Amino acid sequence: MEDILLAVHVLAGILFIGPVAVTTSLFPRFALQAAAGATTESGGLLVARVLHRITRTYGILALVVPLVGLGLAAVQGRLGEIWITIAMVLTAVAGGLLALRIVPAQRDALAETLDPQGARVLRVLTGVFNLLWAVVVVLMIVRPGAE
């Protein structure tokens with residue numbers, strides 16, 4: 001059972017969180033192109049809408065990762081280890097950032113014209129989101145304080 005949970009946890013992280021990291025990073029560029037009036041298939045509003053839809057959908061699907069991770073930690077008897085606690089807190093912060101700041105900012109950018117300042121803020125939020133996930137991955141590998 002542990003091997004199955006580990007495989008699902010890692011695969012879900014790769015397949016669901018990875019695309020969200022990419023789509024959130026690309027969105028500001030294409031939203032700015034849309035604001036500038038780009039109408040080509042390679043840029044602009046159409047691509048920004050698709051990126052937003054992928055961010056929303058895969059962001060919801062990514063909930064599998066911490067849920068399976070909790071199950072895995074329970075099966076392994078690691079729920080009390082500090083690195084698990086830190087990883088779960090960082091995961092909750094990243095999820096909250098995505099749900100409460102990034103997705104709404106993308107939605108607003110699609111409804112209104114995104115200005116350069118708004119794009120900078122969105123890029124910073126996305127950078128923090130991606131950094132949080134990078135730290136979680138390092139915690140999963142290094143396991144500081146593991147017994």
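The model shown is predicted, which means the values in this text are computed figures rather than measured ones.

Thresholds applied
Residues numbered from 1 in each chain as written. Predicted model: local features only at pLDDT ≥ 70, side-chain atom pairs only at ≥ 80, totals over all residues. Heavy atoms only, no water. 1 Å grid on protein atoms, 1.4 Å probe; cavity = no way out; pocket = protein on both sides within 12 Å on 5 of 7 lines; lining within 4 Å. Points joined across faces, edges and corners; volume = space filled by probe spheres on them. Helix = DSSP H or I, 4+ residues; strand = E, 2+ residues; numbered from the N terminus. Nonpolar A, V, L, I, M, F, W, Y, C, P; charged D, E, K, R; others polar. Expected span 1.5 Å × (residues − 1). Buried < 20%, exposed > 50% of the residue type's maximum accessible area, 1.4 Å probe, protein only. Arc of directions from axis to C-beta. Contact = heavy atoms within 4.5 Å.

Asks: I'd love a proper account of the layout of surface pockets, names of residues and values included.
Replies: Considered as a void within the structure, the largest pocket measures approximately 500 Å³ in volume. If you go around the largest pocket, you meet 24 residues; those closest to its centre are H9, V10, V65, V136 and M140. If you list the elements that add at least two residues to the lining of the largest pocket, you get α1 (2-35), α3 (64-76), α4 (82-111) and α5 (116-142). With seven residues, the top contributor of residues to the lining of the largest pocket is α3. Among the residues making up the lining of the largest pocket, the classes are represented as 18 nonpolar, five polar and one charged. As a volume, the second largest pocket reaches approximately 270 Å³. Lining the second largest pocket we find 17 residues, and of these G59, A62, L63, G95 and L98 sit closest to its centre. Taken together, the elements giving at least two residues each to the lining of the second largest pocket come down to α1, α2 (45-61), α4 and α5. Looking at the lining of the second largest pocket, the element that brings in the most residues is α4, giving six residues. The residue inventory of the lining of the second largest pocket, partitioned by class, reads 12 nonpolar, four polar and one charged.

Asks: So what's going on with α3? Residues and values would help.
Replies: Taking 1.5 Å of rise per residue, the 13 residues of α3 would be expected to cover 18 Å, and the 18 Å separating its terminal C-alpha atoms lies within 8% of that figure. All of the buried residues along α3 are V65, P66, V68, G69, L72 and A73. Axial view of α3: buried residues confined to an arc of 165°, hence all on one face. On its buried face, α3 sits against α1 and α4. One or two residues past the end of α3 sits G77, with phi positive at roughly 70°.

Read these as spatial facts, not as claims about activity.
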